[in-house]
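A structural walkthrough
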Amino acid sequence: MLKTTTNPTTTTEKAAAPAKDAAARPAALPATVLDNLGARFRPGGLFLVMLRPDGSVAYHDAASGLFFQRYVLPMIQYAEPSDQDLRKRIAALTATSPVEVWNVLPGITLAAFPHVEKRQVAGVLLLAGKSSGFRLGEDVVRVCSRLGIDCIWLGQQSESLSTYDDETLLRQARLLHGMIRDQVRVAGLEQELDSLSGQLSNTYEELSLIYQISGGMKINRRASDFFKGACVDVMGVMNVRGMGVSLLSSVHQQEPVLYGSLGLPPGKVHRLAGELMRLMGERKGPLLINDLHRDKHFTWLAEYAHQLIAVPLMRQEQVLGCLFGIDKTTGGVFDSVDSKLLTSIANESAIYLENSMLFDDVHGLMMGLLHSLTSAVDAKDAYTCGHSERVALLSRHLAQHAKLTGHEVERVYMAGLLHDVGKIGVPEAVLQKTGRLTNEEFEQIKKHPEIGARILQDIKQIKDIIPGVLHHHERYDGKGYPGGLAGEDIPLMGRIICLADCFDAMTSSRTYRKALPLEVALTEIRRCSGTQFDPRLTEAFLQISGDQFRELIRNHQEQTKRLAEKAQTLRVA
Amino acid sequence: MSERTILVADDESHILHVVSLKLKNAGYRVLTARDGQEALEMAQQEKPDLLITDYHMPQLSGIELCRKLKQDPATSNIPAIMLTARGYSLEPADTEQSGILRMLSKPFSPRHLLSTVEEVLSGAAA
């Protein structure tokens, strides 16, 4: 800025006012793109300017020389009424205008073309160079005096600059035009790429969520545990404050299951669940409410929440329940992305729920049949009433103490239930005999494990429990029946049921004696450890406290009573 | 805290895009490489704070890349997160002497990846 002093300050002051306004409005092209382009044309003595459609300067190459900064830029900025040519030309530009050369500024060759966005003129690009006919003629001097610059100084500034005739500048401007087009295209593609990557990222998120949720769909798992896991996962991905699941009461005899902080009093939770179930039954599609204050159904909920999303859990046109979420934690709104995601989770869950219902159904039927069968057995002998059920429960308890897996524990329970099923084949006269049994009668009794095993042998789903039924009268010392197996040769199930069976026999009243007190029975069990019973199982058995035994028995007294009544009716019939 | 640099290496460009977008939006500087060799050279030059690499890559596998970085004192402190195909698990012998702190199976959750990155970086800083 060597020649600053030659410039009256008035011009700069004048420049400040209109520029302020204009700066508030963004340029159609990013400044970084324009800087980059300006730098490429600068060495050739060219000056890049971008105007807004109204003619105000949106960008100029601020690194260009003083010739452009002091002479060309002010002419473009403050085209005076006498220089209306430039304004008229800018106004006349349309989206389809080609690159043109405008000889409207004294001593300057100026190329111009529109910058088009969405088929509208979004700006005007100007490329200015020193005209090949530049001289300090009358027109240049007049402009200099108007701008308050020394024209001799201007002449010096212009000396080193390349000159341009119309053709050369046009070529350069077309090059610039092509470069801008490419840059815009690249910027557009980059933006598109980011948007696609963002969508892909969401898809990954959803896919990973669905993987995780499907992984939790274990048929023998409780539906509420499954939904809890699913809700927690969804809450994280969708950024919601609270989630809930409401199921038809015929599907699931439970309160609505809730996760996260819904912040609703219990009564309101029921109301929400009830209203959602009714609405879902009507619309059978997702519900999105981003302003609860204005919703006619849920104004009452606005006190506790702002936003609500719900989707039905549907199987074959039947609404089994619904999945709902409250309030975005990120401050956004529930949109179609959320409802699509929640719907796919709901669809997966509904399949699971239906399977789980079918499983429960079949399982219930099977257990019902098993209990009926056991009642039929117990009914043959009034004094063994409820015995099978108690042995089953005790065996299950013992299996748990012996650290068997959940599945094994359930199989032990089933084997316990069925352990005496073979008594069906033993004459009632023998079973109910109160006096001492003859050898022959005892031999008949001793057949019941084998008869039981034969009764069950054709049901492939319970083949694994047959060893429990067949070997529950084996003794650890090998003196039992029917196999005379000893030690670990006796299947574990058999050893477990044997203990439970003997314990229940001792603690129940018989025709020939009253029930033994708990302590006496336990002492007897301890005494027979290693001879009749597996010592390790005995150890586990004795660790079960008396309270636990009493509780176990008390808990099932009702059931035993019911079974006894049933057995009574069966006998009478 | 100064801007952390993360190098992401994967021969599948869609993974690179998803991972870099997520990390850039979280304020990290992200470098990308499309094969193990390119990643190795970039890591030696740029010394990133963290490496996220795919297992299966042309030229140099993710494991070989990590081992090479571990052997060079200049890059031996760069922690790594490895991406593997679902159902594919690495033996402890594979990950020994490799600086691999976490493994994620594809398709991974970008949100989970980001939290893993933050966890690893805060652990490395402590």
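Residues numbered from 1 in each chain as written. Chains lettered and ligands numbered in written order. Predicted model: local features only at pLDDT ≥ 70, side-chain atom pairs only at ≥ 80, totals over all residues.

With respect to the overall build of chain A
Our working definition: Think of it this way: any DSSP run of H or I at least four residues long counts as a helix, any run of E at least two long counts as a strand, and we number them from the N terminus. Exposure classification rests on a simple neighbour count of other C-beta atoms within 10 Å of a residue's own: a residue reaching 20 or more is buried, one at 12 or fewer is exposed, and one in between is partly exposed. C-beta atoms are placed from the backbone. Any pair of residues counts as being in contact when their C-beta atoms, constructed from backbone geometry, are within 7 Å of one another.
Scanning chain A for helices and strands turns up 21 helices and eleven strands. Looking at chain A residue by residue over its 573 residues, the buried ones come to 34%. Considering only contacts in chain A between residues 6 or more positions apart, those separated by 24 or more positions represent 61%.

Observations concerning the overall build of chain B
Secondary structure summary: chain B contains five helices and five strands in total. Ordering the α and β elements of chain B from the N terminus gives β-α-β-α-β-α-β-α-β-α. Per-residue burial for chain B yields a buried fraction of 36% across its 126 residues. A separation threshold of at least 6 residues defines the contact pool for chain B, and within that pool the share at least 24 residues apart is 60%.

With respect to the confidence of the model for chain A
Residue and element names in this part refer to chain A. Heads up, the condition is: The predictor rates its confidence in each residue with pLDDT, a number between 0 and 100.
For chain A, the average pLDDT comes to 84, and 87% of its residues sit at 70 or higher. The least confident element of chain A is helix H1 (residues 9-24), whose mean pLDDT is 42; the most confident is helix H16 (residues 466-470), at 95. Across residues 1-24 the pLDDT falls below 50, and counting only partners more than four positions away or on other chains, this stretch makes 16 contacts in the model.

Concerning the sheet that holds strand E3 (residues 50-54) of chain B
Residue and element names in this part refer to chain B. Let me state the cut-off plainly: By definition, two strands form a pair when at least two bridges between them are found by DSSP. Only C-alpha atoms enter the line fits that serve as axes; for helices the fit covers just the stretch in contact. Angles between N-to-C directions range over 0 to 180 degrees.
Spatial ordering of the open sheet is given by E2-E1-E3-E4-E5, a layout of five strands whose pairing is parallel. Each of the sheet's edge strands pairs with one partner strand only, and the pair in question is strand E2 (29-33) and strand E5 (100-106). Averaged over all pairs of adjacent strands, the angle between strand axes in this sheet comes to 20°, irrespective of strand direction. Where helix H1 (residues 13-25) meets the sheet, it contacts strand E1 (5-9), E2 and E3, and its direction lies at approximately 170° from that of E2. Where helix H2 (residues 36-46) meets the sheet, its contacts fall on E1, E2 and E3, and the angle it forms with E1 comes to roughly 165°.

Quick word on the environment of A:Phe68
Among the secondary structure elements, A:Phe68 is positioned in helix H3 (residues 66-77). Taking C-alpha positions, A:Phe68 is 9.3 Å from A:Gln157, a pair spaced 89 residues apart along the chain.

Re the pairing of E3(B)
Residue and element names in this part refer to chain B. Applicable threshold: Convention used here: a crossover is right-handed provided that the path from the first strand, over the helix, to the second strand proceeds clockwise when the strands point away from the viewer.
Burial of E3 is extensive: five of the five residues sit out of reach of the surface. Side chains Leu50, Ile52 and Asp54 of E3 all project onto a buried face; the interleaved residues Leu51 and Thr53 project onto the opposite face, where all are buried too. Bridge analysis of E1 against E3 gives four bridges, and the strand direction is parallel. For Ala9, the partnering residue across the bridge sits in E3 and is Thr53. Sheet analysis places E3 next to strand E4 (residues 80-85), joined by four bridges and oriented parallel. Looking at the pairing, Leu51 lines up with Ala80 of E4. Handedness of the E3-helix H3 (residues 62-71)-E4 crossover: right-handed.

Some thoughts on the packing of helix H8 (residues 223-238) of chain A against helix H10 (residues 336-378) of chain A
Residue and element names in this part refer to chain A. Our working definition: Any angle that is under 35 degrees is reported as roughly parallel, and any over 145 degrees as roughly antiparallel; angles of 65 to 115 degrees are reported as roughly perpendicular and all others as oblique. Any residue outside Ala, Val, Leu, Ile, Met, Phe, Trp, Tyr, Cys, Pro, Asp, Glu, Lys and Arg is labelled polar, Gly included; the first ten of those are nonpolar and the last four are charged.
Relative orientation of the contacting elements H8 and H10 amounts to 170°, with a least axis distance of 12 Å. On the basis of the axis angle, H8 is roughly antiparallel to H10. In this structure, H8 contributes Ala223, Phe226, Ala230, Val234 and Met238 to the contact, and H10 contributes Asp338, Leu341, Leu342, Ile345, Ser349, Tyr352, Leu353 and Ser356. Residues belonging to the contact of H8 with H10 are distributed by class as follows: ten nonpolar, two polar and one charged.

Re the nonpolar core
Residue and element names in this part refer to chain A. Put simply, the rule is: By convention the nonpolar core is taken to be a set of buried residues drawn from Ala, Val, Leu, Ile, Met, Phe, Trp, Tyr and Cys and joined through C-beta atoms within 7 Å.
Leu308, Ala310, Cys322 and Leu323 are the most contacted members of the largest nonpolar core, which has 45 residues in total. Elements that contribute at least two residues to this core include exactly helix H7 (166-215), H8, strand E7 (240-247), helix H9 (266-283), strand E9 (287-289), strand E10 (308-315), strand E11 (318-328) and H10. Non-local contacts of Leu308, meaning those with residues more than four positions away in its chain, are made with Ile289, Leu292, Phe298, Leu301, Phe324 and Ile326. Ala112, Leu125, Leu127 and Val143 belong to the second-largest nonpolar core, a separate cluster that totals 41 residues.

Structural notes on the interface of chain A and chain B
The interface is formed by twelve residues belonging to chain A together with ten residues belonging to chain B. Considering each element in turn, the side of chain A that touches chain B owes the most residues, eleven residues, to H7(A).

Observations regarding H9(A)
All names here are of chain A. Rules: Given a helix with a known number of residues, its expected span is that number minus one, times 1.5 Å. An arc is given here, and it is the one of the directions from the helix axis to the C-beta atoms.
Relative to the 26 Å expected for 18 residues at 1.5 Å per residue, H9 spans 26 Å between its end C-alpha atoms, a close match to the ideal helical length. Looking at H9, one finds that the buried residues are Leu272, Ala273, Leu276, Met277 and Met280. Buried residues along H9 cover an arc of 130° about the axis, so they all sit on one side. Turned more than 90 degrees from where H9 packs its buried face, Gly267, Gly274, Arg278 and Glu282 sit exposed. At the C-terminal side of H9, Lys284 shows a positive phi close to 50°.

Structural notes on H3(B)
Residues and elements named next belong to chain B. Every buried residue of H3 is listed here: Gly62, Ile63, Leu65, Cys66 and Leu69. In a view along the axis of H3, the buried residues occupy a sector of 160°, so they form one face of it. Considering only its buried residues, H3 is in contact with E1, H2, E3, E4, helix H4 (92-95) and E5.

Description of the pairing of E11(A)
Residue and element names in this part refer to chain A. Burial analysis of E11 places nine of its eleven residues in the buried class, which makes it a mostly covered element. Inspection of the sheet shows E7 paired to E11 by seven bridges, in the antiparallel sense. Along E11, the bridge assignment pairs Gly244 with Phe324. Connecting E10 to the next strand, E11, in antiparallel fashion are two residues, including Gln316 with a positive phi near 45°.

Side note on unusual backbone geometry
The linkage connecting A:Tyr481 with the following residue, A:Pro482, adopts the cis geometry, with an omega of 0°. Here B:Lys106 and B:Pro107 are connected by a cis peptide whose omega angle stands at -5°. Structurally, B:Pro107 can be placed in the loop between E5 and helix H5 (110-125). The backbone of A:Lys403 sits at a positive phi, close to 60°, despite the residue not being glycine. Look at B:Gln59: it is not a glycine, yet its phi comes out positive at around 70°. Along the chain, the position of B:Gln59 falls in the loop between E3 and H3.

Concerning the environment of A:Glu410
Locating A:Glu410 in the fold gives a position in helix H12 (residues 406-418). In the structure, A:Glu410 is positioned 17 residues away from A:Leu393 in sequence and 10.0 Å away in space, judged by C-alpha atoms.

Considerations on the confidence of the model for chain B
Residue and element names in this part refer to chain B. Scored by pLDDT, chain B comes out at a mean of 88, with 94% of its residues at no less than 70. Ranking the helices and strands of chain B by mean pLDDT puts E1 first, with 96, and H4 last, with 73. Taken over the whole predicted complex, pTM reads 0.61, whereas the ipTM for its chain interfaces reads 0.83.

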